[in-house]
Amino acid sequence: MRRALGAAPTSHATFDRIESYDGRSMGSRVLSGGVVHTVPVDLRRVLIANPKVLAAWQDLTPLARNEWICWVLWPKKAETRSQHIQRLQSELLEGRRRPCCWLGCIHRKDKELSSSVRWVLSSRSKASA
């Protein structure tokens, strides 16, 4: 598994048992999560359903998986979230390692938010108020 310079070691990543759609365990294989987020059920189903996407997912660093998970969880509407999951599949198959044009996971505690990210977040909260 490749790891980016400065990325958290794999041991800090979260892991979930891969299960089939009927809930049966698929052996000792695990589905790797991110450094903060675990893989949500809807994303897990998509990853399990496509072996090529799953292989690309497992090849990502824990920080990269975390960015994808947070990006999938970010939308408020279910429709947009579904679109993010579909885009995640296609972009992983294209070889992309992180979501494009994403401000980054705001849930990580190992770094401070940049001023530009704080501005985006404040603009978003004002728009929803």
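Residues numbered from 1 in each chain as written. Predicted model: local features only at pLDDT ≥ 70, side-chain atom pairs only at ≥ 80, totals over all residues. Heavy atoms only, no water.

Here we come to the overall build of the protein. Along the backbone of the protein there are 5 helices and 2 strands. Taken from the N to the C terminus, the helices and strands of the protein come in the order β-β-α-α-α-α-α. Across the 129 residues that make up the protein, the buried fraction comes to 36%. Here the contacts in the protein between residues at least 6 apart in sequence split such that 61% fall between residues at least 24 apart. Accessible area for the protein stands at about 7,800 Å²; split by element, carbon and sulfur atoms hold 54% of it. (Helix = DSSP H or I, 4+ residues; strand = E, 2+ residues; numbered from the N terminus. Buried < 20%, exposed > 50% of the residue type's maximum accessible area, 1.4 Å probe, protein only. Contact = heavy atoms within 4.5 Å. Areas by Shrake-Rupley, 256 points an atom, 1.4 Å probe, with all protein chains shown as cover.)

Aromatic rings in a pair are described by how distant their centres are and how their planes are angled relative to each other. As enumerated under the stated definition, the model contains 1 aromatic pair in all. For the ring pair Trp68 and Trp71, a centre distance of 5.5 Å and an interplane angle of 80° mean the geometry is edge-to-face. Note that Trp68 and Trp71 are positioned in helix α3 (residues 62–73) at a spacing of 3 residues, about one turn of the helix. Residue classification places Trp68 among the buried positions, given a relative accessible area of 0%. (Phe/Tyr/Trp six-rings, centres within 6.5 Å; stacked < 30°, edge-to-face > 60°.)

We now examine helix α2 (residues 51–59). Spacing of three or four residues puts side chains on the same side of an α-helix, whose turn is 3.6 residues. Taken residue by residue, α2 has Val53, Leu54, Ala56 and Trp57 as its buried positions. Viewed along the axis of α2, the buried residues span an arc of 160°, placing them on a single side of the element. Away from the buried face of α2 by more than 90 degrees, exposed residues Pro51 and Lys52 are located. (Arc of directions from axis to C-beta.)

Turning next to the side chain of Glu67. Residue position: Glu67 is located in helix α3. Leave out the neighbours within four places in its chain, and Glu67 touches Arg98, Pro99, Trp102, Gly104, Cys105 and Arg108.

Under the definition given, this model contains 5 salt bridges. Residue Asp59 is joined to Arg97 by a salt bridge in which the shortest nitrogen-to-oxygen separation is 3.1 Å. Residue Asp59 is found in helix α2, and its partner Arg97 is found in the loop between α4 (78–93) and α5 (115–128); the two are separated by 38 residues along the sequence. Taking relative accessible area as the criterion, Arg97 reaches 30% and is therefore assigned partly exposed. As a salt-bridge pair, Arg96 and Glu94 come within 3.8 Å of each other at their nearest N and O atoms. Residue classification places Glu94 among the exposed positions, given a relative accessible area of 55%. Linked by salt bridges that have partners in common, Arg87, Glu91, Glu94 and Arg96 make up one network. (Salt bridge = Lys/Arg side-chain N within 4 Å of Asp/Glu carboxyl O.)

This paragraph deals with the nonpolar core. Membership of the largest hydrophobic core comes to 21 residues, with the highest contact counts inside it found for Val39, Leu43, Leu47, Trp57, Trp68, Leu88 and Leu92. Looking at this core, the elements with two or more residues in it are α1 (41–49), α2, α3 and α4. No other element matches the 6 residues that α3 contributes to this core. Beyond its immediate sequence surroundings of up to four residues, Leu92 is in contact with Val53, Ala56, Trp57, Leu60 and Trp68. (Core = buried A, V, L, I, M, F, W, Y, C linked by side-chain atoms within 4.5 Å.)

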